[in-house]
Amino acid sequence: MERRTRGASLQGKKRILFAFALIAVAMVLLLFRTAWIQVVKAEEYTDKAKDQQTSDIPVEAKRGAIYDRNGKELATSATCYTLWVRPAQIRENYKTDEKRQELASALAVILEFDSGDIIHAFESESVLVRLANYLEKEQATQIRDMEVYGLELSEDTKRFYPMGDFASILLGSVNDDGVGRSGIELQYNEYLSGIAGRAVMDTDISGNQLSFGQDKYYEAEDGLNVTLTIDEVLQHYLQDAIQKGYQDTGAERVFAVAMDPKTAEVLAMAVTPSFDPNEPTKPSDAAELEVFSELSLEEQSAYLSRMWRNPLISDVYEPGSTMKLITSSSSLEEGIVTPQTGFYCSGVYELYGVEMYDAEHHVHGQESLIQAVGNSCNPVHIQLALMLGAERFLSYIEKYGLTEPTGIDLPGESGSLVGNLDTIGPVELANMGFGQGLAITPLQLATAVCAIANDGVLMKPHCVSALTDKDGNAVVEYKPEVVRKVISHDTAAEMMDIMYQQVENYGGRKAQIEGYKIGGKTGTSSKVGDDGTYGDQTDTSFIAVAPIDDPQIVVLVICSSPQTTYYADLTAIPIARDFLVKALPYMGLAPADTGEGSDEDYAYVPDVTGYSYQDAAAILAEYGLKYEVTPELTSDEKKDKSFTFEVVDQYPKAGSKIDKDEKVYLYRE
């Protein structure tokens with residue numbers, strides 16, 4: 001009996017020791033687990049706890065507006081809404097798949113989404129998921145009326161461009177997150193975007209706000225407004241002119257820039273075909289849109305990159321005969337020639353066995369420098385380049401700013417392709433003298449000619465004049481900036497006369513405008529193909545200065561690969577003239593002899609702002625005026641005879657006297 005008792009006691013002790021060992025091991029494991037949670041994974045679990053216990057929703061800052069030089073709003077931010085989902089709360093309140101599917105289907109109708117994408121958001125393990133952004137007020141109201149626990153709406157802003165594709169290559173656009181993608185929107189994104197705020201609330205595990213919680217609201221800091229140097233009216237004139245030229249010439253692209261030569265401020269900048277920054281991922285032209293829709297995804301991506309690219313600052317081209325202004329002014333400045341220095345042109349210049357011809361092998365015979373520029377004579381400008389020599393010629397190319405980017409306040413500016421003393425031989429130098437064998441950006445050329453028109457002083461081009469706060473107070477002002485003196489007053493004056501003679505008596509005659517003294521220079525250059533050789537395609541261009549006796553504006557027009565003809569006087573000059581005919585009177589530059597014609601050719605614009613579309617159209621018809629709706633009517637809206645809208649703005653303004661061939665632009669929301 002005693003042995004049994006002792007055996008039982010021993011077995012009990014073993015069981016106790018085994019149990020104790022198990023408890024000890026469990027305690028050690030628990031200790032390690034606790035240490036793992038509280039030490040190793042402390043930061044991760046702390047963050048999870050914060051996520052479960054707080055609602056932290058970003059409050060978007062209002063993006064600054066963009067204005068023209070006269071305060072006309074070109075880009076603004078409209079109020080919209082962002083829809084957020086708390087998946088855990090949705091799953092708790094809508095426990096079955098059928099109920100969640102029913103909710104997703106209802107939301108899909110409002111959001112115009114696929115219900116499957118919404119279900120996917122409901123199943124997310126994230127605490128908070130952004131389901132949709134840029135919702136209209138009507139959509140937000142419909143969602144609120146559903147009274148769904150687990151859905152939250154926050155006020156947001158959406159970028160809006162009230163004039164559609166107006167100045168889009170300059171303004172640029174923003175991406176879906178409201179970040180600048182191109183143009184001014186990208187260059188000044190840091191100032192425009194502002195600083196986002198936050199709304200932080202204490203919540204329970206399901207995301208419900210606690211009545212005793214400590215809520216915090218960090219107010220967003222709105223972005224600064226940007227005031228441009230461009231003039232809305234001049235921009236309209238330039239866009240209209242290049243659009244007409246694009247249709248008339250069948251060019252691949254037409255682009256132009258107008259500048260104030262005294263300040264190098266960009267007054268207008270336009271490219272066609274263009275895009276509407278409200279819908280920047282497709283071309284605004286209907287024909288181009290049809291072509292775009294047939295492209296592969298890779299081809300569409302390349303198309304969009306090219307469409308957003310600003311050829312005036314990002315692409316280089318061989319300037320052709322417009323470069324002769326640089327060659328001749330450099331020769332005058334060096335005292336090698338005078339405007340009356342005589343030359344002889346036989347139509348060809350032979351150099352080291354290479355024959356270089358004048359355009360169409362013209363033989364100009366005896367001519368002065370004035371006549372050589374007027375005739376756009378290649379052999380004479382070859383001689384001028386050789387007389388200067390590579391070192392001096394390159395020094396003037398550098399002084400004119402053609403060897404480096406201009407520094408304009410726009411993104412994506414390219415440098416030029418100009419050889420150096422080690423690579424430029426006599427033949428290369430001769431080619432450069434008449435504008436071939438080097439490649440520059442259109443803006444570089446326009447800036448250089450501005451220097452000639454500005455008494456020989458080169459200015460740094462810019463298109464932003466100020467940054468202002470929401471009250472209109474200037475935070476930063478950008479003043480005109482002198483780069484350097486390039487040529488003397490006398491040389492600049494001689495060049496102004498040479499450019500005037502070119503328009504008055506030679507190849508630029510089609511640019512003449514009654515009552516105004518216009519100066520300019522045409523240019524035609526062969527384009528280099530993909531194989532690196534010159535092909536049949538050309539760039540035709542014209543650069544104009546007006547008025548020549550007191551330059552107020554310089555405009556450069558380039559037609560890329562025109563199909564009708566390669567003559568600049570039939571492609572680029574008409575575009576520049578169409579622009580200047582309207583621009584000069586608008587700028588307050590009265591013609592010496594008005595030559596306005598009869599009053600029947602003109603009309604005073606009536607006030608149609610605030611009227612319905614139909615009423616505005618009827619009023620304009622009574623005045624014999626054409627009109628255009630911006631943004632453009634869709635095909636469905638054009639077919640719907642009952643469709644209407646309120647005219648929120650118009651251009652030109654009421655009371656303006658315009659030619660009946662001009663259009664009145666009607667703006668809608």
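Figured I'd write up the structure that's included with this text. Keep in mind that this is a model prediction, so the values were computed, not measured. Per chain, residues are indexed from 1 in the order of the written sequence. Totals for whole chains, interfaces and linings use every residue, but because this is a predicted model, local features are given only for residues with pLDDT of at least 70 and side-chain atom pairs only at 80 or more, for both listing and counting. Note that the side-chain values use all heavy atoms of the structure and ignore hydrogens as well as water.

**Topic: the pairing of strand β10 (residues 265-272)**
Okay, step 1: Burial status follows relative accessibility: with a 1.4 Å probe on protein chains alone, a residue under 20% of its type maximum counts as buried, one over 50% as exposed, and anything between as partly exposed. Put simply, DSSP H or I for four residues or longer makes a helix, DSSP E for two residues or longer makes a strand, and each gets a number counted from the N terminus. Of all eight residues making up β10, eight are buried, and the element is well covered by its neighbours.
Okay, step 2: Strands pair, by our definition, only if DSSP identifies at least two bridges between them. Looking at chain direction, strand β9 (residues 253-260) and β10 are connected through seven bridges and run antiparallel. Note that in β10 the partner of M259 across the bridge is V266.
Okay, step 3: The antiparallel pairing of β9 with β10 creates a hairpin that spans four residues between the two strands, and A264 there sits at a positive phi of about 65 degrees.

**With respect to the pairing of strand β11 (residues 342-345)**
Okay, step 1: Only one face of β11 is buried, namely the one carrying F343 and C345, since none of G342 and Y344 on the opposite face is buried.
Okay, step 2: Here β11 pairs with strand β14 (residues 365-368) via four bridges, running antiparallel. Within β14, the residue paired with F343 across the bridge is E367.

**Points about the side chain of N378**
Okay, step 1: One can find N378 in helix α16 (residues 378-399).
Okay, step 2: When its relative accessible area of 10% is taken as the criterion, N378 is described as buried.
Okay, step 3: What N378 contacts, discounting residues up to four positions off in sequence, is K324, Y357, D358, A359 and F434. Only heavy atoms matter for contacts: two residues are in contact if any of them lie within 4.5 Å across the pair.

**Quick look at unusual backbone geometry**
Okay, step 1: A cis amide bond, omega 0 degrees, links T272 with the succeeding residue P273.
Okay, step 2: Here P273 is to be found in the loop between β10 and α11 (286-293).
Okay, step 3: P547 follows A546 through a cis peptide bond whose omega is -20 degrees.
Okay, step 4: Within the element layout of this structure, P547 appears in the loop between β20 (534-546) and β21 (553-560).
Okay, step 5: Here S376, not a glycine, exhibits a phi torsion of approximately 55 degrees, which is positive.
Okay, step 6: Topologically, S376 is positioned in the loop between α15 (369-374) and α16.

**Section: a nonpolar patch on the surface**
Okay, step 1: A cluster of nonpolar side chains, namely W36, I37, V39 and V40, defines an oily patch on the protein surface of about 380 Å² accessible area.
Okay, step 2: Tracing the sequence through the fold places I37 in helix α1 (residues 2-40). For patch building, the residue pool is restricted to those with more than 30% relative accessible area and no salt bridge; the joining distance is 9 Å between like charges and 5 Å between nonpolar side chains (Val, Leu, Ile, Met, Phe, Trp, Tyr). Exposure was quantified through the Shrake-Rupley algorithm and a 1.4 Å probe, taking into account, for residues, occlusion by the shown protein chains and nothing else. Basic side-chain nitrogens of Lys or Arg form a salt bridge, by our definition, when they fall within 4 Å of a carboxyl oxygen of Asp or Glu.

**Quick word on the layout of surface pockets**
Okay, step 1: In this structure, the second largest pocket spans a volume of roughly 1,000 Å³.
Okay, step 2: Around the second largest pocket, the lining comprises 36 residues; the ones closest to its centre are S321, A359, E360, N378 and T524.
Okay, step 3: Every element with two or more residues in the lining of the second largest pocket is listed here: β13 (354-357), α17 (426-433), β19 (519-528), β20 and α20 (568-586).
Okay, step 4: Sort the elements by how many residues they give to the lining of the second largest pocket and β19 lands first, with five residues.
Okay, step 5: Basically, the charged four are Asp, Glu, Lys and Arg, the nonpolar ten are Ala, Val, Leu, Ile, Met, Phe, Trp, Tyr, Cys and Pro, and anything else, Gly included, counts as polar. Residues that form the lining of the second largest pocket fall into these classes: 11 nonpolar, 20 polar and five charged. Only protein atoms enter the calculation, which uses a 1 Å grid: trapped sets of points that fit a 1.4 Å probe without letting it out are cavities, open sets showing protein on both sides within 12 Å along at least five of seven lines are pockets, and any residue with an atom within 4 Å of a point is a lining residue. Grid points are joined across faces, edges and corners, and a volume is the space filled by probe spheres set on the points.

**Structural notes on the sheet that holds strand β23 (residues 626-630)**
Okay, step 1: Taken together, the three strands give an open sheet; going across it, the order is β23-β26-β24, and neighbouring strands pair in mixed fashion. Of all the strands in the sheet, the pair left with one neighbour each is β23 and β24 (649-651). Adjacent strand axes in the sheet meet at a mean angle of 25 degrees, parallel and antiparallel pairs treated alike.
Okay, step 2: Sheet topology note: the β23/strand β26 (residues 663-667) ladder contains five bridges and is parallel. Opposite V629, over in β26, you have L666 as the bridge partner.
Okay, step 3: Where helix α21 (residues 613-622) meets the sheet, its contacts fall on β23 and β26, and the angle it forms with β23 comes to roughly 155 degrees. The convention used is that axes are lines fitted to C-alpha atoms, helices contributing only their stretch in contact, and that angles between N-to-C directions extend from 0 to 180 degrees.

**Quick notes on the packing of aromatic side chains**
Okay, step 1: The aromatic pairing rule takes the rings of Phe, Tyr and Trp, using the six-membered ring of Trp, and pairs them if the centres are within 6.5 Å, calling planes under 30 degrees apart stacked, those over 60 edge-to-face and the rest tilted. Tallied over the full model, the rule gives eight aromatic pairs.
Okay, step 2: Look at Y188 and Y191: their rings are 6.2 Å apart centre to centre, the planes differ by 45 degrees, and that puts the pair in the tilted class.
Okay, step 3: Judged by relative accessible area, which is 34%, Y191 ranks as partly exposed.
Okay, step 4: The interplanar angle of 80 degrees and the centroid separation of 6.2 Å between the aromatic rings of Y613 and Y627 together place this pair among those described as edge-to-face. With Y613 in helix α21 and Y627 in strand β23, this pair connects stretches of sequence that are 14 residues apart.
Okay, step 5: For Y627, a relative accessible area of 31% gives the class partly exposed.
Okay, step 6: An aromatic cluster is defined as three or more aromatic residues linked by ring pairs; in this entry it consists of Y613, Y627, F643 and F645.
Okay, step 7: The ring of F645 has R668 sitting right over it, with the charged end atom 5.6 Å from the ring centre. Placement of a positive charge over a ring is assigned whenever Lys NZ or Arg CZ falls within 6 Å of the ring centre and within 35 degrees of the normal to the ring plane.

**Observations regarding the packing of helix α4 (residues 97-111) against helix α6 (residues 137-146)**
Okay, step 1: Relative to each other, α4 and α6 sit at 160 degrees, their axes nearing to 10 Å. By the criterion of interaxial angle, the relationship of α4 to α6 is roughly antiparallel. Handedness of the α4/α6 crossing: right-handed. Where α4 approaches α6, its residues L103, A106, L107, I110 and L111 are matched on the opposing element by Q139, Q142, I143 and M146.
Okay, step 2: Grouping the amino acids of the contact of α4 with α6 by side-chain chemistry returns seven nonpolar, two polar and no charged. If an angle is under 35 degrees, it is roughly parallel; if it is over 145, roughly antiparallel; if it lies from 65 to 115, roughly perpendicular; otherwise it is oblique. Each crossing gets its handedness from the near helix: less than a right angle anticlockwise from the far helix is left-handed, clockwise is right-handed.

**Overview of α4**
Okay, step 1: What a helix should span is 1.5 Å times the count of its residues minus one. The end-to-end C-alpha distance of α4, which contains 15 residues, comes to 20 Å, matching closely the 21 Å that a straight helix rising 1.5 Å per residue would cover.
Okay, step 2: Buried within α4 are the following residues: R100, L103, A104, L107, A108, I110 and L111. The arc that holds the buried residues of α4, viewed along the axis, is 160 degrees, so those residues lie on one side. For α4, the exposed residues set more than 90 degrees away from the buried face come down to E98, E102 and V109.
Okay, step 3: Check the buried side of α4 and you find it contacts β3 (73-85), α3 (87-93), α5 (115-122), β4 (129-135), α6 and β5 (151-160). As used here, the arc belongs to the directions running from the helix axis to the C-beta atoms.

**Remarks on the pattern of salt bridges**
Opposite charge on two side chains permits them to pair, given that their charged atoms come into close proximity.
Okay, step 1: Tallying each qualifying case throughout the model produces 18 salt bridges.
Okay, step 2: A salt bridge links D550 to K262; its shortest N-O distance comes to 3.3 Å. A residue pair is termed long-range when its members are at least 10 positions apart, and D550 in the loop between β20 and β21 and K262 in the loop between β9 and β10 qualify at 288 residues.
Okay, step 3: Residue K262 is classed as partly exposed on the basis of its relative accessible area of 36%.
Okay, step 4: The salt bridge involving E404 is made with R484; its shortest N-O contact spans 3.8 Å. Of this pair, E404 sits in the loop between α16 and α17 while R484 sits in strand β18 (residues 482-485), and the two are 80 residues apart along the sequence.
Okay, step 5: One salt-bridge network, in which partners are shared between bridges, spans R63, R159 and E185.

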